[in-house]
Structure formats: structure tokens, C-alpha cells
Amino acid sequence: STYNFTLSDSDMTITQGGGTITAQDYSQTLGTHTLSGTLNTRDFSHTAGTLTASGSSSINASGDVVITSAWDNTGSTIAMSGTSKTINASQAINHLTITGSISINSSNNLDVNGNFALNSSSFSHNSKNMNVAGTFTLAASTTYTKGGTLTFDGGAAQNYNDNNTTKQNIGT
């Protein structure tokens, strides 16, 4: 069986030095979690506490993702899958990979400080703005639905790759 993983006590500290944690749903409302491996979960929610996802760590969520509290995520990747799922991130994330039908929640804009990859299915950023600092990739047979403004805000040269036969309209 897979159980929910909840950090809800300010005295709780989890240090994951590698490997994989698999949980039904992950929720952090207090405490400290240092993630240096992989976290597999359905819904992922970080609304308070201290979360550090460093290096090549990854969060694989097949459900909704909520990140409304500050966190350190240099080098980490959030991989989202599933159908009709949302991302609500008032805090910047590093890399975002999508293999499902995902949309930005209507509450917050989305800031990706690394690469954005739509590997399958669809992504909609509704009426919200989205910033991407790294490579922006749309795999073949994917659907990208523009919404607010898409801004490429990386300091170095950035790549835009649309591998669809008919190129997607990403906005102006």
C-alpha cells in the first residue's frame, strides 16, 4: 500500500540523501524536507515549511501541484502527468516536464527558471502569464494553448523547439 506523506510539525525534519520516496499524496505545511532523490506522488502540496530540492532531484506528480511557499529548487525537476490536472505555483520552479493534460491554476502566474518541456498531451496557461528562462520544447503531437503573456527571460541564449508539423501559436 501507498500512504499519504504529511509534514505538519515544525519539529519534523526529513533528509533524503538519495533514493526514492513514493507516497499517495505529499503535503508540507510545516517542518523541513531536504530532497536529494526522487519523490513520486499523486498530488504534491508545499504551502509552508522549508523545502530544499537540490541538484538532480525530481518530483513526479500524477495529480495537482501546489507550491505557494518559498523553496530552494536549484537544478530540480517537476514532472507532471495525468489528465485534467493543474499547477498552482506562486513560487518559481526550476525545470517543468509535462506528459499529461495540465493547465495553470487561475490563482497564479507560472515562473519556470529552467527548461519547459511538453512531451505529450496538452498544456494551457489560461489567462495567466508564464516566464521561461531555459529551453522551451513542444514535442510532436502536443497541444499548447496560449493564455496570458509568455516571456523568455533567461540571461543566456534560449531555444524554442516546436516539433509539431503545424507550428503552435505561443503568442506574441
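Just so you know, the residues in each chain are numbered from 1, in the order the chain's sequence is written. Local features are withheld for residues below a pLDDT of 70 in this predicted model, meaning they are given only at 70 or higher, and side-chain atom pairs are given and counted only at 80 or more; totals for whole chains, interfaces and linings count all residues. As a rule here, side-chain values come from all non-hydrogen atoms in the structure, and water together with hydrogens is ignored.

1. What about the nonpolar core?
Among buried residues, those of type Ala, Val, Leu, Ile, Met, Phe, Trp, Tyr and Cys that are joined through side-chain atoms within 4.5 Å constitute a nonpolar core. Whether a residue is buried, partly exposed or exposed follows from its accessible area with a 1.4 Å probe, protein chains only, as a fraction of its type maximum: under 20%, in between, or over 50%, in that order. Core analysis: the largest hydrophobic core is formed by 36 residues, its most contacted members being Ile87, Ile93, Leu96, Leu110, Phe116, Phe123 and Met130. Pairs of residues are marked as contacts when any of their non-hydrogen atoms sit within 4.5 Å. Residues within four places of Leu96 in sequence aside, it is in contact with Ile78, Met80, Ile87, Leu110, Val112, Asn115, Phe116 and Ala117.

2. Remarks on the pattern of salt bridges
Salt-bridge detection follows one rule: a side-chain nitrogen of Lys or Arg within 4 Å of a carboxyl oxygen of Asp or Glu. Under the defined criterion, the tally for this structure stands at one salt bridge. Where Arg42 meets Asp25, a salt bridge forms, and the shortest distance between an N and an O atom there is 2.6 Å. Pair noted here: Arg42 is in the loop between strand E6 (38-41) and strand E7 (43-46) and Asp25 is in strand E4 (residues 25-28), with a separation of 17 residues, a long-range link. Each helix corresponds to a stretch of at least 4 residues labelled H or I by DSSP, and each strand to a stretch of at least 2 residues labelled E; elements are numbered beginning at the N terminus.

3. Thoughts on the sheet that holds strand E2 (residues 13-16)
Strand pairing follows a simple DSSP-based rule, namely that at least 2 bridges must link the two strands. Strand order across the open sheet formed by three strands is E2-E5-E8, with parallel pairing between neighbours. Each of the sheet's edge strands pairs with one partner strand only, and the pair in question is E2 and strand E8 (50-53). In this sheet, neighbouring strand axes are inclined to one another by 0° on average, regardless of whether the strands run parallel or antiparallel. Bridge analysis of E2 against strand E5 (residues 32-35) gives four bridges, and the strand direction is parallel. By the bridge assignment for E5, Thr13 is matched with Thr32. Every axis corresponds to a line fitted to the C-alpha atoms, with the helix fit spanning only the stretch in contact, and the corresponding angles, defined between N-to-C directions, vary from 0 to 180 degrees.

4. Points about the sheet that holds strand E13 (residues 110-112)
In space, the three strands of this open sheet follow the order E13-E16-E19, with parallel pairing throughout. Of all strands in the sheet, those with a lone pairing partner are E13 and strand E19 (150-152), marking the two edges. Going across the sheet, the axis of each strand differs from the next one's by a mean of 10°, ignoring polarity. As paired elements, strand E16 (residues 130-132) and E19 share three bridges and run parallel to each other. Looking at the pairing, Val132 lines up with Phe152 of E19.

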